[in-house]
Structure formats: C-alpha cells, structure tokens
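Given next are the chains, with one letter for each unit.
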Amino acid sequence: MRRICLIPTVIALFLCIENAFAQDSKRVLFIGNSYTEVNNLPQMVAKVAQSMGDEVVYNSNTPGGCTFMQHCANQSMSLIRQGGWDVVVLQEQSQYPSFPQAQVEAEVFPYAQRLVDSVYAHSPCAEPMFYMTWGRKNGDAANAVYFPVLGTYEGMDSMLCERYTYMAHTYDAALCPVGRVWRYLRQHYDDLELYQSDGSHPSVAGTYAAACAFYVMFFHRDPLLIHYAGGLDDNTAQVIRSAVRTVVFECISDWTRPEPQAAFDIESILDPTISLTSHSVHANELTWDFGDGCLLNTSDTAVSHTYANNGSYTISLTASRHCMSDTATATVAIQETGIPDTENAQAQFTCYPNPAQNILTIRANGEVVILDITGKTVLNAGPVHGKTILDISNLKSGSYFIICGNQSKTFVKQ
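Engineer: What is the right way to read the state of the cysteines from this model?
Structural biologist: Here, disulfide denotes a covalent bond that connects the sulfur atoms of two cysteines. In total, this model carries 1 disulfide according to the counting rule given. Note on cysteine connectivity: Cys125 is disulfide-linked to Cys323, with sulfurs 1.8 Å apart. The disulfide joining Cys125 to Cys323 has a torsion of about -65 degrees about its S-S bond and is therefore left-handed. One end of the pair, Cys125, is in the loop between helix H6 (109-122) and strand S5 (127-131); the other, Cys323, is in the loop between strand S12 (311-321) and strand S13 (324-334), and 198 residues separate them in sequence. For the pair formed by Cys125 and Cys323, the shared burial category is exposed. As a non-bridged cysteine, Cys72 has Cys66 as the owner of its nearest cysteine sulfur, 9.5 Å distant. Taking the relative accessible area as the measure of exposure, Cys72 reaches 12% and is therefore buried. Counting only cysteine sulfurs, Cys251 is the nearest neighbor of Cys161, a cysteine outside any disulfide, at a range of 12 Å.

Structure follows, in structure tokens:
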C-alpha cells in the first residue's frame, strides 16, 4: 500500500490536439498455425482495416500444426518479449481444444495461460485475444473413436467454442468468435463454401469472415462499412459482413474483456477520519484521491483517511486493470479536525451524521441530553466540552431532540 501526499503546485500543460479524423493504428502479433497462415489472414485483416482508413501493422509466427505448448518454446515467445503490441492473437492447433477435458487441462490450458501472462508482462496495455476456430466440415472422425462428440461438425464446433470461451474468461483475454461466425453462415447460407477441399482449412470466404471479425474486434467498427471484399463477389462479401455484424459487432461486449467499474461507500465519518469501502469490480488496483492532495494506491478494499483541515472534499476512486480504468466520486464534509476552544464551543453546537444509525457525534460545551418527541429524556450525555461520540444503537427509529443549555438540535435515528 502506498500513500502519497502531493504539495499543490501550478503546472503548465501544453496539449497537442491530434486530427480527430486521423486513422487508428494497431500493432498486432498473430500466433497460430496454418489456420492463420492460409490465405494470409494477417494481411487480409490489414487490407480490411486499410479500406476503413485504419492501419494494422503486424508480425506473425504460424508454423503448421503448432500448439500453444510449442509456441511457449519457439520464436513466439521472443516476439512477445519484444513488447509494444496492442493486440496479440492466440490460435491453438485446430483440434486440441476440442479433446477430452483432462487432456485439454494438461496440454492446452496451462500453456494458454503462460502465453497470456507473457503478453501482459511485456506489453502491459496489450489485449490478448484468443482466435476461436471452427469445427471441421464433417467433424473429426479420427478422434471421434475416443471422444464421440467430435464425430459431427456441431459437436466439434461446440467443444471448441466452450474451451476458447473458458480460456478467454479465465485468463482475462478477449475472444474473436470466428467459429460462431462460421456457424451462423453455415446455418443461414449453406451454399456458401467456407472450407477448402480438405474440409478443415478455410477457403477465401472463410478467411474473409475471420478477417472481418478480427477487424471488428480490433477497432469496434461496423463491418457493414467495410469496402474491401477480399477478392469475393460483392454479394458474398456483403453476406459475410452482415453475419459478422450480427455475431460480433452487435454482441461485442460478450467478446471483449470486462472493463473495470469503480464504486465505493463512505462507511463512517468520525471527524477528522473517514472510513471507505470499495465495491469495484474487474479491477486489481485501486487509487484513492482524498481531495486534499493525498493519494493512496492499494489493492485493499477497505481504507481510512484523516484530514488535517475542516472543509468539503471530493473523494475519487479509480479502479484499474491492464491499463483500463473507471472512476467514481463522492463528496464529504469534515466539520471538525480538533477539539474546539471553550469560547467558540457554544456557537459551534452541532450533531452529525443526520440521519444517524448507531453513533452520533456532537460538539458542545455544557450538559447534553436527548429527548424523544414527547419530551422524555432517553439519554443523558452529561457535561460535554468539545467533541464526544454517543452510542444511540439502543434508541428506536424516529425523531429526537438534543439539548445543550438553551440550544437544541433535531436529529433522526434510522
């Protein structure tokens, strides 16, 4: 936990305002195998982006049949360690994620996590993105002998979807649902050939579907506006873009990493100290700004802070994770930072908070009693000189009078 108190100063800021219509650019690393290499998917994504005025600068490592386990020990790790990536696409060998659970847990998941962890270690603000591939055209007959669900396209495709979704959610990564786009196209346009003759690798149409899906995931733009057709006729390209819009663009929150959401409560104010609790989600770092020049960076959800001066302060909590952040604010009034002198105590007779629950803080100089609405004394605080805290947890809910000499205040017990 690190607390920093800043000395107020005046800082001159020189802002460079970029052209609001300048293209967006992404540095993307593609890690995969022949499903990424065939038809040069990275290049097609770059051409799709170019047609929209955006830019994809890419590198790739896609040896045929390469698995996550192998990528953890080959050039892929060297490329990841170069850092500076905006997105790192991760595609497992086409069959491995669909295999029986025990095998996937041993041969896929640990290496997927290692790759994602390496991405964050060397490009902290990067977005790891799993490439959900598709079931083979007629299933995986060779492996269906050992795992029958793989005997059909639907069975194999469902297993791939399940495992890629699990990896994305578990390892805090995005997911490009190319397999879901293919499934939509197979269900609604069964005359559209997405496969090469081997029933496994993508045709140009299949790669175009993947390229449009990746473009949407990279830039969050409507694929219906894409101009590049990847060598396909206009009607086929439009059908594919429409499918990508339905599956990816319109449901993009299902495929992206959840963003942090900041929230907190002020649990108590015992002047001059406040206690706060964060209820933020999807965050692993919390930064508190107490409004008096003091900052606190911590992962703890419960914190406290003591103010040096009376006044009204705006507290902000910024919840962060992987360079994504959200901020929540609240205002607190500090009414006393010390014991008032006797001369001013009479004029400063106060009670707070109001309404109150279990405790009531009063500032007074004299005998203090609490009366209910019938005038009956329900609590005698005795002589008070300065600040004292009363336990009112035994009082029933309702309105009460607090009396000090010839002064009175009204408060509500919740």
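What follows picks up the thread again.
Engineer: Teacher, can you tell me more about the environment of Cys212 here?
Structural biologist: Positionally, Cys212 belongs in helix H10 (residues 204-219). Exposure remark for Cys212: the relative accessible area of 0% places this residue in the buried category. Note: C-alpha distance between Cys212 and Thr165 (47 residues apart in sequence) is 20 Å. Those residues in contact with Cys212, other than ones at most four positions away along the chain, are Ile226, Arg241 and Val244.

Engineer: What exactly am I supposed to notice about the packing of aromatic side chains here?
Structural biologist: Centre distance and the angle of the planes are the two values used to describe a pair of aromatic rings. Within the structure shown, the criterion is met by 19 aromatic pairs. Taking 6.5 Å as the distance between ring centres and 80 degrees as the angle between the ring planes, the aromatic pair formed by Tyr166 and Tyr171 counts as edge-to-face. The class for Tyr166 is partly exposed, based on a relative accessible area of 41%. For Tyr171, a relative accessible area of 11% gives the class buried. With a centroid separation of 5.8 Å and an interplanar angle of 45 degrees, the aromatic rings of Phe214 and Phe218 are classed as tilted. One end of the pair, Phe214, and the other, Phe218, are both in helix H10, 4 residues apart, so they sit about a helical turn from each other. What makes Phe218 buried here is its relative accessible area of 4%. Taken together, the ring pairs connect Phe30, Tyr35, Tyr131, Trp134, Trp182, Tyr195, Phe214, Tyr215, Phe218 and Phe219 into an aromatic cluster. One residue, Arg27, lies across the ring of Trp85, its end atom 4.5 Å from the ring centre. Against the face of Tyr153 rests Arg186, its NZ or CZ located 3.5 Å from the ring centre.

Engineer: Sorry, what's going on with the sheet that holds strand S11 (residues 302-306) here?
Structural biologist: Within a sheet, adjacent strands bond to each other through the backbone by hydrogen bonds, running parallel or antiparallel. Pairing in this open sheet of 3 strands is antiparallel, and the strands run S7-S8-S11 from one edge to the other. This sheet does not close on itself; its edge strands, each paired only once, are strand S7 (264-270) and S11. Taken pair by pair, the neighbouring strands of this sheet meet at an average axis angle of 20 degrees, ignoring direction. Of the strand pairs in this sheet, S7 and strand S8 (residues 273-278) are connected by 6 bridges, and their pairing is antiparallel. The residue of S8 that forms the bridge with Ser268 is Ser275.

Engineer: In this structure, what is going on with the layout of surface pockets? I would like to understand it.
Structural biologist: To find the voids left in a structure, one rolls a probe of water-molecule size over its atoms. The calculated volume of the largest pocket comes to roughly 360 Å³. No other element matches S7, which puts 4 residues into the lining of the largest pocket. Here the residues of the lining of the largest pocket sort into 8 nonpolar, 5 polar and 1 charged. Its volume calculated, the second largest pocket comes out at about 250 Å³. Taken together, 15 residues make up the lining of the second largest pocket; nearest its centre are Lys26, Glu127, His220, Arg257 and Met324. Here the residues of the lining of the second largest pocket sort into 7 nonpolar, 3 polar and 5 charged.

Engineer: What should I look at first to understand the sheet that holds strand S6 (residues 174-176) in this one?
Structural biologist: Reading across from one edge, S3-S2-S4-S5-S6 is the order of the 5 strands in this open sheet, with parallel pairing throughout. Strand pairing shows two members of the sheet lacking a second neighbour, strand S3 (55-61) and S6, which therefore form its edges. Taking the axes of each pair of neighbouring strands and ignoring which way they run, one obtains an average angle of 25 degrees across the sheet. Looking at chain direction, strand S2 (residues 25-31) and strand S4 (residues 87-90) are connected through 4 bridges and run parallel. Its bridge partner being in S4, Phe30 is matched across the sheet by Val89. Taken strand by strand, helix H4 (residues 75-82) contacts S2 and S3, and its axis lies near 145 degrees from that of S3. Each of S2, S3, S4, S5 and S6 is contacted by H10, which is oriented at about 155 degrees to S5, the strand it contacts most.

Engineer: Quick question: what am I supposed to make of the environment of Asp157 here?
Structural biologist: Within the secondary structure, Asp157 is located in helix H8 (residues 153-170). Note on Asp157: relative accessible area 1%, which makes it buried. For the pair formed by Asp157 and Asp86, sequence separation is 71 residues and the distance between their alpha carbons is 29 Å. Residues in contact with Asp157, not counting those within four places in the same chain, are Thr133, Trp134, Gly135, Gly179, Arg180 and Arg183.

The rules behind each value
Residues numbered from 1 in each chain as written. Predicted model: local features only at pLDDT ≥ 70, side-chain atom pairs only at ≥ 80, totals over all residues. Heavy atoms only, no water. Disulfide = S-S within 2.5 Å. Helix = DSSP H or I, 4+ residues; strand = E, 2+ residues; numbered from the N terminus. Buried < 20%, exposed > 50% of the residue type's maximum accessible area, 1.4 Å probe, protein only. Contact = heavy atoms within 4.5 Å. Phe/Tyr/Trp six-rings, centres within 6.5 Å; stacked < 30°, edge-to-face > 60°. Lys NZ or Arg CZ within 6 Å of the ring centre and 35° of its normal. Pairing = 2+ DSSP bridges. Axes fitted to C-alpha atoms, helices over the stretch in contact; angles between N-to-C directions. 1 Å grid on protein atoms, 1.4 Å probe; cavity = no way out; pocket = protein on both sides within 12 Å on 5 of 7 lines; lining within 4 Å. Points joined across faces, edges and corners; volume = space filled by probe spheres on them. Nonpolar A, V, L, I, M, F, W, Y, C, P; charged D, E, K, R; others polar.

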